Amino acid sequence: MNATIATSIFAAFMVLTLALGLLAVRGGGRGKGRGGLAEWSVGGRSLGTVFIWVLMAGESYTSFSYLGAAGWGYNFGAPVLYVLAYMSCGYAIGFVVGPMLWSYARRHGLVGITDLVAHRYGRRWLGTAVAILATVCLLPYIQLQITGMGVVVTTISYGAISLNWAYFIGFAVTTLFVVVSGLRGSAWVSVLKDVLVIATLAFLAVYVPQHYFGGYGPFLDRIVAEKPQWLTFPGHDSGGLDQGWFITTSLLNSLTVVIFPTTVAGYLGARSADALRRNAVLLPFYNVLLFVPMLLGMAALFVVPGLTGADSNLALFKLVVDSLPAWLVGVTGVAAALSSIVPMAVFMLVIGTMWGRSVLGAVPRLANRQKLWSQVVVVVAGALALLLTYTAPNTLVRLSLISYEGMAQLVPMILLGLVWRRLTLYGAVAGLAVGLVVVCGLVFTEHDPVGGMNAGIVALAVNLVVALAVTWLGPRPVDDRPDAEVLASDLDTGDGPGAGGAPGDGAAEVSPSPAK
């Protein structure tokens, strides 16, 4: 009976999710750009503060928030607070960077991170290279969301839905509404997700400590008395995740999150630069919710002791299934499942846009159907992640080790390049290449952290030194474009020639200057 109730609630909400995603098409913009790539990939650049807030919160509040955050709290304790630190710092940096990227993209009719680098350095092939790198870094996140949803759905259905079927359901629901409605559909579904996430976590924050410990006072007193090592760095059995790791990881991730392809997609979907500034102010309030799974993960130490390996990620849901009625288990599971579906949708959409725009779209015969090819790539990327989840999950798990630290190596190319004209193509590419080699070498030889620091920050420092050295000492390709064409500013109005859309597929073409 419990399985029937919880599974029925889950099925009903999945139907509602599909309906919201598909209805979002009817809420799309009208006019010249309707139906084009810009409308599909960045919502026609028309999303206001509320939709941008729920969309970008949805990208950051993933299945990790229910599973990984509780698992880290259960296993290690204090080091998990790095998530709060880097996200809050990232929002502060995004207050400046978001409007700058938005205005630059709008002014030149760009729809993604690959467009930004191709336009800044005047080379289409660079956009293609960044698309390949970003795809390698994003595919593990799609698999992570598929896996997370599978674990949640199997748990809340009391085993009635198998892992394999749960994986497929997540892929099918996400792919269907993303292909049809694009970023706007993700924003609409994010509204439903955020209502459920806020409601369920607010309830659990009160219920679990009261039910198992008699309140927060006795709960916290017990942690201090019996598990004090969970409350200080380097945490319990964390392998050296102490203050140095915490600071360098927070710094690296706060810089990376503002240029992460999915974050940039959220920026470019905004109606105005002011909407992004308001969003940067409001988003940290969402971080308060992250304390709940972290604390409940530590509460599970006393309720379900002895969880090891991947089972520790189920610490929160073991409390839920153990103590709540089936209908509440179902609602909580839906909130967690949507926390997988929304970010998965944006990851798939971004990969599709990058390939449809900068890889397949760069082929003259295919350039007029960029939206179609982007939609095809969405299905292919999702299917590939699903297939590897079934057949070779460790392949993407290995790649996930360098996903964030690898994307961090784009920071000089993008952020420095858009504000400093002297950074050359050769300098940016050389720095990126060396940074990737260093981070792969350190991570895959199990030297992360290195000297107490995050390996990615070490690689980023080497990346920056190489980029500056090659810029100052290396060749300088001539670029006759004025500064206003090459550089970005958060003071731009975004009313340039590319602001109104694009020829052919609803987004302006990149027109690189030839090397001279």
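Cut-offs applied
- Residues numbered from 1 in each chain as written.
- Predicted model: local features only at pLDDT ≥ 70, side-chain atom pairs only at ≥ 80, totals over all residues.
- Heavy atoms only, no water.
- Helix = DSSP H or I, 4+ residues; strand = E, 2+ residues; numbered from the N terminus.
- Rg over C-alpha atoms; globule rule 2.2 N^0.38 Å.
- Buried < 20%, exposed > 50% of the residue type's maximum accessible area, 1.4 Å probe, protein only.
- Areas by Shrake-Rupley, 256 points an atom, 1.4 Å probe, with all protein chains shown as cover.
- Expected span 1.5 Å × (residues − 1).
- Bend = angle between axes of the 7 residues up to and from the residue.
- Arc of directions from axis to C-beta.
- Contact = heavy atoms within 4.5 Å.
- Core = buried A, V, L, I, M, F, W, Y, C linked by side-chain atoms within 4.5 Å.
- Disulfide = S-S within 2.5 Å.
- Phe/Tyr/Trp six-rings, centres within 6.5 Å; stacked < 30°, edge-to-face > 60°.
- Lys NZ or Arg CZ within 6 Å of the ring centre and 35° of its normal.
- Axes fitted to C-alpha atoms, helices over the stretch in contact; angles between N-to-C directions.
- Parallel < 35°, antiparallel > 145°, perpendicular 65-115°, else oblique.
- Nonpolar A, V, L, I, M, F, W, Y, C, P; charged D, E, K, R; others polar.
- Polar contact = N/O pair within 3.5 Å; in protein donor to acceptor, adjacent residues only side chain to side chain.
- Salt bridge = Lys/Arg side-chain N within 4 Å of Asp/Glu carboxyl O.

Caption draft 1: Representation of the overall build of the chain in the model. Counting secondary structure elements, the chain contains 24 helices and zero strands. In summary, the chain has a C-alpha radius of gyration of 23 Å against a globular reference of 24 Å for 516 residues, a match within 12%. Along the three orthogonal principal directions, the C-alpha set of the chain runs to about 70 × 55 × 45 Å. Counting over 516 residues, the chain shows a buried share of 57%. As presented, the chain carries roughly 19100 Å² of accessible surface, and 69% of it is formed by carbon and sulfur atoms.

Caption draft 2: Here's a closer look at helix H13 (residues 273-287). With 15 residues, H13 ought to run about 21 Å at 1.5 Å a step, and its terminal C-alpha atoms sit 22 Å apart, in line with that. The largest bend along H13 measures about 30° and falls at Ala-280, with the proline Pro-284 one to four residues further on. Residues of H13 that are buried include every one of Ala-273, Ala-275, Leu-276, Arg-277, Asn-279, Ala-280, Leu-283, Tyr-286 and Asn-287, and no others.

Caption draft 3: View of helix H21 (residues 425-444). End to end, H21 covers 28 Å across 20 residues, agreeing with the expected 28 Å (1.5 Å per residue, within 8%). Residues of H21 that are buried include every one of Leu-425, Gly-427, Ala-428, Gly-431, Leu-432, Gly-435, Val-439, Leu-442 and Val-443, and no others. Along the axis of H21, the buried residues cluster in a sector spanning 160°; they form a single face. Against the buried residues of H21 lie helix H7 (113-121), helix H8 (124-156), helix H19 (403-407), helix H20 (411-416) and helix H22 (455-473). Glu-446 sits one or two residues past H21 and shows a positive phi near 60°.

Caption draft 4: Quick look at the nonpolar core. One finds Phe-10, Leu-101, Ile-142, Leu-410, Met-413 and Ile-414 to be the most contacted residues of the largest nonpolar core, which totals 152 residues. Per-element tally for this core: the top contributor is helix H16 (residues 326-359), with 20 residues. Beyond its immediate sequence surroundings of up to four residues, Leu-101 is in contact with Leu-116, Val-258, Val-264, Tyr-267, Leu-268, Ile-414 and Leu-418. Counting residues in each nonpolar core, the second largest holds six residues, with Val-439, Leu-442, Val-443 and Ala-455 among its members.

Caption draft 5: Representation of the state of the cysteines within the structure. According to the stated counting rule, one finds zero disulfides in the structure shown. With no disulfide of its own, Cys-440 lies closest to Cys-137 among cysteine sulfurs, the gap being 8.4 Å.

Caption draft 6: How the structure looks around the packing of aromatic side chains. Across all of its chains, the model carries 19 aromatic pairs by this definition. Consider the rings of Trp-72 and Trp-245, whose centres lie 6.2 Å apart with planes at 25°: the pair is stacked. One end of the pair, Trp-72, is in helix H5 (residues 68-75); the other, Trp-245, is in helix H11 (residues 243-257), with 173 residues separating them in the sequence. Judged by its relative accessible area of 21%, Trp-72 is partly exposed. You can call Trp-245 buried: its relative accessible area is 7%. Three or more aromatic residues joined by ring pairs make a cluster, and in this case those are Trp-72, Phe-76, Tyr-82, Tyr-86, Tyr-141, Trp-245, Phe-260, Phe-347 and Tyr-404. Above the plane of the ring of Tyr-121 lies Arg-120, whose end atom (NZ or CZ) is 4.4 Å from the centre.

Caption draft 7: How the structure looks around the packing of helix H1 (residues 2-23) against helix H9 (residues 163-213). Remark: H1 packs on H9, axes separated minimally by 7 Å, with the N-to-C direction vectors making an angle of 100°. Relative to H9, H1 is oriented roughly perpendicular. For the pair H1 and H9, contact is made by Phe-10, Phe-13, Met-14, Leu-16, Thr-17, Leu-18, Leu-20, Gly-21, Leu-22 and Leu-23 and by Ile-169, Val-173, Leu-176, Phe-177, Val-180, Ser-181, Gly-185, Trp-188, Val-189, Leu-192 and Leu-196, respectively. A class-by-class count of the residues in the contact of H1 with H9 yields 17 nonpolar, four polar and no charged.

Caption draft 8: Main features of the packing of H7 against H16. For the pair H7 and H16, the least separation of the axes is 8 Å and the interaxial angle reads 35°. Here Ile-113, Thr-114 and Asp-115 of H7 lie close against H16, whose contacting residues are Met-354, Arg-357 and Ser-358. Residues of the contact of H7 with H16, tallied by class, amount to two nonpolar, two polar and two charged.

Caption draft 9: Quick look at the side chain of His-119. Residue placement: His-119 occurs in helix H7. Of the polar contacts made by the side chain of His-119, one reaches the side chain of Tyr-104; its length is 3.0 Å.

Caption draft 10: Structural view of the pattern of salt bridges. What the rule picks out here adds up to seven salt bridges. As a salt-bridge pair, Arg-277 and Asp-274 come within 2.8 Å of each other at their nearest N and O atoms. Residue Arg-277 and its partner Asp-274 are located together in helix H13, separated by three residues, close to a single helical turn. You can call Arg-277 buried: its relative accessible area is 18%. The shortest N-O distance in the salt bridge between Asp-483 and Arg-421 comes to 2.6 Å. Highlighted residues: Asp-483 in helix H23 (residues 483-486) and Arg-421 in the loop between H20 and H21, separated in sequence by 62 residues.

Caption draft 11: Representation of the side chain of Ser-403 in the model. Structurally, Ser-403 is set in helix H19. Judged by its relative accessible area of 1%, Ser-403 falls in the buried class. Of the polar contacts made by the side chain of Ser-403, one reaches the backbone oxygen of Cys-137; its length is 3.0 Å. Leaving out residues up to four positions away in the same chain, Ser-403 has contacts with Cys-137, Pro-140 and Tyr-141.

Caption draft 12: Inspection of the environment of Ile-142 at higher detail. Here Ile-142 is to be found in helix H8. When the C-alpha atoms of Ile-142 and Leu-386 are compared, they prove to be 8.4 Å apart, with 244 residues separating the residues in sequence. Dropping the residues within four chain positions of it, Ile-142 is found in contact with Met-344, Phe-347, Met-348, Ile-351 and Ala-385.

Caption draft 13: Molecular detail of unusual backbone geometry. Look at the link from Phe-233 to Pro-234: it is a cis peptide, with omega at 5°. Locating Pro-234 in the fold gives a position in the loop between helix H10 (216-226) and H11. The omega torsion across Asp-448 and Pro-449 is 5°, close enough to zero to call that bond cis. Its place among the elements puts Pro-449 in the loop between H21 and H22. You will see that Asp-237, though not glycine, has its phi angle at about 55°, which is positive. Positionally, Asp-237 belongs in the loop between H10 and H11. Look at Glu-446: it is not a glycine, yet its phi comes out positive at around 60°. Among the residues examined, Glu-446 registers a relative accessible area of 72% and is labelled exposed.

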